[in-house]
Amino acid sequence: MNNVVLEAIDIDVQFGGLQALSGANIEATTGTVTGLIGPNGAGKTTLFNVITGHQAPTSGDVRLLGRSVKRQSVAKRAQAGMCRTFQKLEAFNSLSARDNVLVAAEASRAISQPAKLTDEILHRIGLTDVAEITVGTLPTGTARLVELARALATKPKVLLLDEASSGLTEDETAAVGNLLQQLVAEDDLAVLLVEHDMSFVMNVCSRIHVLDFGQIIAVGSPAEVQNNDAVRAAYLGTDT
Amino acid sequence: MNLRHLKTSQGAALIGGVAFLAVLVWLNWAGNALAVDSFVAATIAGMSIGSLYAISATGMVVVYATTGTFNFAHGGIGVFSAFLYWEFVENANGLRLPNWLGLLLVVLVVAPLIGIVLDVVLMRRLRTAPMVVQLMVTVGLMVFMLTLTGQIWHGDRSRAIQFFWRGEGFDIGDFRVTWHRFMVIIVAGVIAAILRLVLYRTRIGVAMRAVVDNRELTALNGARPGILSSFAWALGASLAALAGILIAPEIKPLDPGNLNNLMLIPAITAAVIGQLKNLPMTVFGGLLIGLLSQHQAQWLSFGADWPFVRDAAAPVLLFIVVLALPQSRLAVGRAASNLRPIERTTSWREGLFGAVAIVGFGIVFAQGWLNFGIWDPGEWDEIALNNGTAALVLSLIGLSLIPLTGWAGQINFAPLAFAGFGAFIFLKLAGDTGNMLWIPIVGLLCAPLGALLALFAARLSGLYLALLSLGFALVMGKLVLPHPSVFPTIHSYEDLAIFGYAIDSRYRFFTTLLIVLAFGIFALVLLRRSSHGRRWIAMQDSEAAAATIGIDTMITKVIVYATSAFIAGMAGVFWALSKGSMDRGRDFEVLANFEIVLLMAAAGLAFPAAALFLSFRFVIEALGGRLEEGDSVGWLVWLLDDFLAKFGPGLLAIGMVVNQRGAIFETGKGFAPILPWRSDARAELAQERASKRLREIGDIGLDAPFTNEAVLLLDSELGVIADVTPSGGYTHGLGETSS
């Protein structure tokens, strides 16, 4: 059951004189929530952008289910099973919560009954009460859930969440964490998330990659990463 | 211009455009001898005309660089200034000032005042508005200024402005160069150089550019943004006035529309060549257009029957450069270009009810049963039916904008291009039979034209998309549609017939249009509720998010453009039928496109009902005409006929500054709670009232005592649950009890 769904291999990204990423590797496995952490400016969102197709790497490869998607557009990769949420909330603000999810279900060629899937997902995430409300009028926490529900409606193989807890209260964050763990356990799903909320990451992820100045400096379980000297130095600085 | 970074699509556009022009030249070579002197003559004439374009364009770029607003009304200000100059200097019954004094007065006193007033009253509010609103307001302002000029200086009199120095000049070889034209070239160069210096080397220039980038930050650094932006607008208006007065002698007789076209279109093209920020390139662009048009007049000869082809240089160039050149980065901090009103989707039953109501009201209107006791119902027919038919045709064309601009957010200034194309196809296929069954086929054949525009437009958004559609409208309206093989000089359309039933009376045609419009609105309601409608709105809300859920935005855009062309093409058939034949010279005027888009936008492009808005102008004109015939109250006639009908579109569009989501949205929001089946609107209203009450309570504990009601309200706003104790009192989340 635990297959490697997504691999980013030796990713280099250079912006003019700045080396944003060098030799970055990361993978996502079904049944696992994988975390990507690192100080500000480490290159986390850049790595995400390379994986989803929003940014072309200077060199390196991205493979989904073993096949390279390097030449594919963002939409094609989404059709192939990769779905991503954004740091800044990008819900469809003038559509209702239900329509947000429905658009995603309808966009996927593989889904035969979009309306049914939409209702199932809304129920599962707990959004049935607000289904008919326009998302632009919903509070951030609920809107983030709509974004998550929308991503699930594409029946993804791997879900990439960019700071999904941003704008959420503690309770809401915990709820999302539980939900993610449920999803990877029940469906054939892999989750890769970028996060700043350390307690969220340590509780929810079973595997963590740490990025600093464009390079992966540590990989391991939460305990291993917390005790890693290089990680400590990156976040807290070294003793002088 | 950095050629290394051109994408393949841009390269393709450039090569394709050049190839098209090469073929055009080869096909239409006049065969004149390539003599040096005719070459020199054309070049000199081209340089001076081009300098005029350059002056106008420079003004537009300066305004954009220092205010972040693309001012479509630039030409309007120039036209108004030119007429004012005429009034001061040339009018035999007027002040008869010397021309240098008149120039100074208009350019350095009146025009800056106009600029400042525009800034304070209007332009400041546009800073944070979506791009669509900004465009609509400035286009509306343009229409308003042109109409105002035409009303103040009535077109029944012929006016002209003399060249400076009365056309005297000097000779180069065999050719006479007038001082006026020579000075214009010098002036253009000097202005561009001075502006470049001011904007990049002086404090005030740098401050003006900073204000566009980040207004708050500039203020924090000690500059006064309000004064800077007013200064920028004053400067822009002066430049517009100068350009207008210098260009005006070339147009005899002086006419607002023609002067505006000459000022605006080449200026926009030159500004785009300068990528809206590079002044030297802008001047080069203006000169290029001037040279192209003069040399084209010299060396190419098109059939005499192809009107406007001589004006086509700038439009074709505009189209090519918008596609080929990299877009300049829009001013930082500009708000999203999203004009989506957050509205509740109309149910299909409401749509059906609306459609039936439209047919009902239309019939009542046509029969003249609503005569308010003012006129004889029998005489209503001609006026009502003529105006009503024109109104319905316009509404049908307006329908095409709803999916394209209202839902998918693709700004489009070319509905008449598609409609004209539809009229052409119908003429070729069924012009002599009038069989109505051909109409859907015409629509299907127009769809590929929409798809073609989509392919060009896919990379663009906001201002550049609007300019591309303008270029498209111009190319179709000045080059393609007026070609003699498209609409022969003598042609006509047979009356419509369906299954043998002939629609040969005005009344039958009107009723047919009514049914078609009602059906069209109902169909749009259904389309909005379909997966396509949702997808288009999703794409406008967030193109990035749409891609990440697997929506191919290119294909989606092709589909919505094709749909728009489908609708507009069919509307075009009815347009042609309502007129009997198409007037190649007048029907495809770009200004007519603007009026349709303006009215639709002011109504609210997201709503199918907005199409009805276009009818109101004609209803008003009909009422005005009827009142006039009935010798009714003079001021009422004037109000309807002159003021509302002429100034309406411009003023409504300007009104979008406050009414950004459209009149229908605002009206609907007011009416919805009254309707019995709209319990959700009443709930929303109750919630808004509750929030307002909370704000009215003021600083709790400071302005007024901490009442129980205030606490309850606070708790509900905070989502804190209050438990009810057995004694009937309640516990607050804070742990205190009260009863």
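You'll find the structure just up there.
Residues numbered from 1 in each chain as written. Chains lettered and ligands numbered in written order. Predicted model: local features only at pLDDT ≥ 70, side-chain atom pairs only at ≥ 80, totals over all residues. Heavy atoms only, no water.

(A) Here's a closer look at the overall build of chain A. The secondary structure content of chain A amounts to nine helices and ten strands. The C-alpha atoms of chain A give 18 Å as radius of gyration, which agrees with the globular expectation for 240 residues (18 Å, within 12%). Taking the intrachain contacts of chain A between residues at least 6 apart in sequence as the baseline, contacts between residues at least 24 apart amount to 67%. Summed over all atoms, the accessible surface of chain A reaches about 10600 Å², with 47% contributed by carbon and sulfur. (Helix = DSSP H or I, 4+ residues; strand = E, 2+ residues; numbered from the N terminus. Rg over C-alpha atoms; globule rule 2.2 N^0.38 Å. Contact = heavy atoms within 4.5 Å. Areas by Shrake-Rupley, 256 points an atom, 1.4 Å probe, with all protein chains shown as cover.)

(B) Layout of the packing of helix α9 (residues 225-247) of chain B against helix α10 (residues 256-273) of chain B. All names here are of chain B. In contact at an axis separation of 11 Å, α9 and α10 are set at 120° when each is read in the N-to-C sense. Taken as axis vectors, α9 and α10 run oblique relative to one another. Crossing of α9 against α10: the hand is right-handed. Facing α9, whose interface residues are Ala240, Ala243, Gly244 and Ile247, α10 presents Leu259, Leu262 and Met263. For the contact of α9 with α10, the class distribution of residues is six nonpolar, one polar and no charged. (Axes fitted to C-alpha atoms, helices over the stretch in contact; angles between N-to-C directions. Parallel < 35°, antiparallel > 145°, perpendicular 65-115°, else oblique. Left-handed = near helix turned anticlockwise from the far one by under 90°. Nonpolar A, V, L, I, M, F, W, Y, C, P; charged D, E, K, R; others polar.)

(C) The arrangement of the packing of helix α7 (residues 203-213) of chain B against α9 of chain B in detail. Residue and element names in this part refer to chain B. Axis separation between α7 and α9 bottoms out at 10 Å; the angle between their running directions is 100°. Considering their axes alone, α7 and α9 lie roughly perpendicular with respect to each other. Between α7 and α9, the contacting residues are Ile204, Ala207, Met208 and Val211 on the first element and Pro225, Leu228, Phe231 and Ala232 on the second. Residues belonging to the contact of α7 with α9 are distributed by class as follows: eight nonpolar, no polar and no charged.

(D) Highlighting the sheet that holds strand β9 (residues 207-212) of chain A. Residues and elements named next belong to chain A. Spatially, the six strands line up as an open sheet ordered β6-β7-β8-β3-β9-β10, and their pairing is mixed. Only two strands of the sheet have a single neighbouring strand rather than two, namely β6 (82-84) and β10 (215-220). Pairs of neighbouring strands in the sheet enclose a mean axial angle of 20°, with direction left out of account. Two strands pair when backbone bridges link them, and strand β3 (residues 33-37) and strand β8 (residues 190-194) are joined in this way by four bridges, in the parallel orientation. Within β8, the position partnered with Val33 by the bridge is Val191. Those strands touched by helix α9 (residues 229-236) are β3, β9 and β10, and its axis lies near 130° from that of β10. (Pairing = 2+ DSSP bridges.)

(E) Geometry of the interface of chain A and chain B. With 24 residues of chain A in contact, the opposing surface of chain B contributes 20 residues. At the boundary of chain A with chain B, the tally comes to two salt bridges. The residue Asp99 of chain A makes a salt bridge to Arg534 of chain B at a minimum N-O spacing of 4.0 Å. In this structure, the connection of chain A to chain B is made through five residue pairs in polar contact (both at pLDDT 80 or more). Sorting the residues of the side of chain A that touches chain B by element identifies α2 (74-80), β6 and α3 (97-107) of chain A as the ones contributing at least two each. A total of six residues in the side of chain A that touches chain B trace back to one element, the largest contributor, which is α3 of chain A. Here the residues of the side of chain A that touches chain B sort into twelve nonpolar, seven polar and five charged. (Salt bridge = Lys/Arg side-chain N within 4 Å of Asp/Glu carboxyl O. Polar contact = N/O pair within 3.5 Å; in protein donor to acceptor, adjacent residues only side chain to side chain.)

(F) A look at the environment of Arg127 of chain B. All names here are of chain B. The topology assignment puts Arg127 in the loop between α4 (99-126) and α5 (131-152). Its relative accessible area of 35% is what places Arg127 among the partly exposed residues. Spatially, the C-alpha atoms of Arg127 and Asp255 are 32 Å apart, while their sequence positions differ by 128 residues. (Buried < 20%, exposed > 50% of the residue type's maximum accessible area, 1.4 Å probe, protein only.)

(G) Geometry of helix α6 (residues 170-186) of chain A. Residue and element names in this part refer to chain A. Compared with the 24 Å implied by 1.5 Å per residue over 17 residues, the 24 Å span of α6 between its first and last C-alpha is a close match. Of the positions making up α6, those classed as buried are Thr173, Val176, Gly177, Leu179, Leu180, Leu183 and Val184. Buried residues of α6, viewed axially, fall in a sector of 165°; they line one side. Facing away from the buried side of α6 by more than 90 degrees, the exposed set consists of Glu170, Asp171, Asn178, Ala185 and Glu186. At its buried positions, α6 is contacted by β3, α4 (114-125), α5 (140-152), β7 (158-162), β8 and α7 (198-204). (Expected span 1.5 Å × (residues − 1). Arc of directions from axis to C-beta.)

Purely spatial values, then, with no claim about function.
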